[in-house]
Each structure stands twice: as C-alpha cells, then as structure tokens.
Amino acid sequence: MIVQAKQLPEFNELLLTLKSNFENYSVYTFASRPTKSIIVRKSASVGVQITVHDNQIRIDACCPNIFISALVGFISAVLPPFIHFEMKISDFLKNKYNR
C-alpha cells in the first residue's frame, strides 16, 4: 500500500507518532538499505514495514520474526491477518498525513 503525503513527516516524528498511536504493538526502526524503515509488529507473525521517500509512505505487510518469516515466505501478503493489519496502519497514515 502506498500513501501519498502532502507533507512527509521526519523519520523520527513518524516513529514517535506510530509509537504513541499504536501502544499495544511493537514499533521500532529497521536499518534496511538504502533507506531506514519502521516495523510495526502486531505479533511474532504479523506486522508491517513502513518506508518513507519521494512524497510517499510505503506500507508493506511483513512477518517481523525472521524464523517465522522463513516459513511463511511470500504468502504473508495474501493472508487476511496481514492484509487487515496493513490496511489498519495505511488508513491511519492516510488520515494523518494526506489532508
């Protein structure tokens, strides 16, 4: 899911916003290359990876646990728990940054 933002937040601002609005989930940075990402983890097997660049916030369903990720693989993006969580985070970011 890609959210077009009229004004992109600073990376640290986005991190703090997600932490304060999703207190029941783990929110942390992921030092991926070439751009840092933010992981919002609902459970060991359900999460999203958020990357910010070029007036876009990209939200991708992911499996935040490396061991479970190896088992789930690419099908994680088509399973309902992943899709619903990705949509929840995407809707929040659309409402927050696409006004």
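Above this text sits the structure in question.
In this report, we go over the structure that sits alongside the text. (Residues numbered from 1 in each chain as written. Predicted model: local features only at pLDDT ≥ 70, side-chain atom pairs only at ≥ 80, totals over all residues. Heavy atoms only, no water.)

Notes on the pairing of strand 3 (residues 37-41)
- Among the five residues of strand 3, four are classified as buried, and the element is accordingly described as predominantly covered.
- Where strand 2 (residues 26-30) meets strand 3, five bridges bridge the pair, whose relative direction is antiparallel. When the sheet's bridge partners are listed, Ser26 is paired in strand 3 with Arg41.
- Joining the antiparallel neighbours strand 2 and strand 3 is a turn of six residues.
- Sheet topology note: the strand 3/strand 4 (residues 47-53) ladder contains five bridges and is antiparallel. Note that in strand 4 the partner of Ile38 across the bridge is Ile50.
- The hairpin formed by strand 3 and strand 4 contains five residues between the paired strands. (Buried < 20%, exposed > 50% of the residue type's maximum accessible area, 1.4 Å probe, protein only. Helix = DSSP H or I, 4+ residues; strand = E, 2+ residues; numbered from the N terminus. Pairing = 2+ DSSP bridges.)

Side note on the packing of aromatic side chains
- This structure, assessed with the given rule, holds three aromatic pairs.
- For the pair Phe22 and Phe92, a centre-to-centre distance of 5.1 Å together with 85° between the ring planes defines the contact as edge-to-face. Taken together, the residues span a long stretch of sequence, with Phe22 in the loop between helix 1 (11-21) and strand 2 and Phe92 in helix 3 (residues 80-97) at a distance of 70 residues. Across this residue pair, the class does not change: Phe22 and Phe92 are buried.
- Between Tyr25 and Phe85 the ring centres are 5.1 Å apart and the planes differ by 80°, which places this aromatic pair in the edge-to-face class. Taken together, the residues Tyr25 in the loop between helix 1 and strand 2 and Phe85 in helix 3 connect sequence positions 60 residues apart. The residues Tyr25 and Phe85 share a single accessibility class, namely buried.
- Three or more aromatic residues joined by ring pairs form one cluster here, namely Phe22, Tyr25, Phe85 and Phe92. (Phe/Tyr/Trp six-rings, centres within 6.5 Å; stacked < 30°, edge-to-face > 60°.)

Nothing here speaks to function; it is all geometry.
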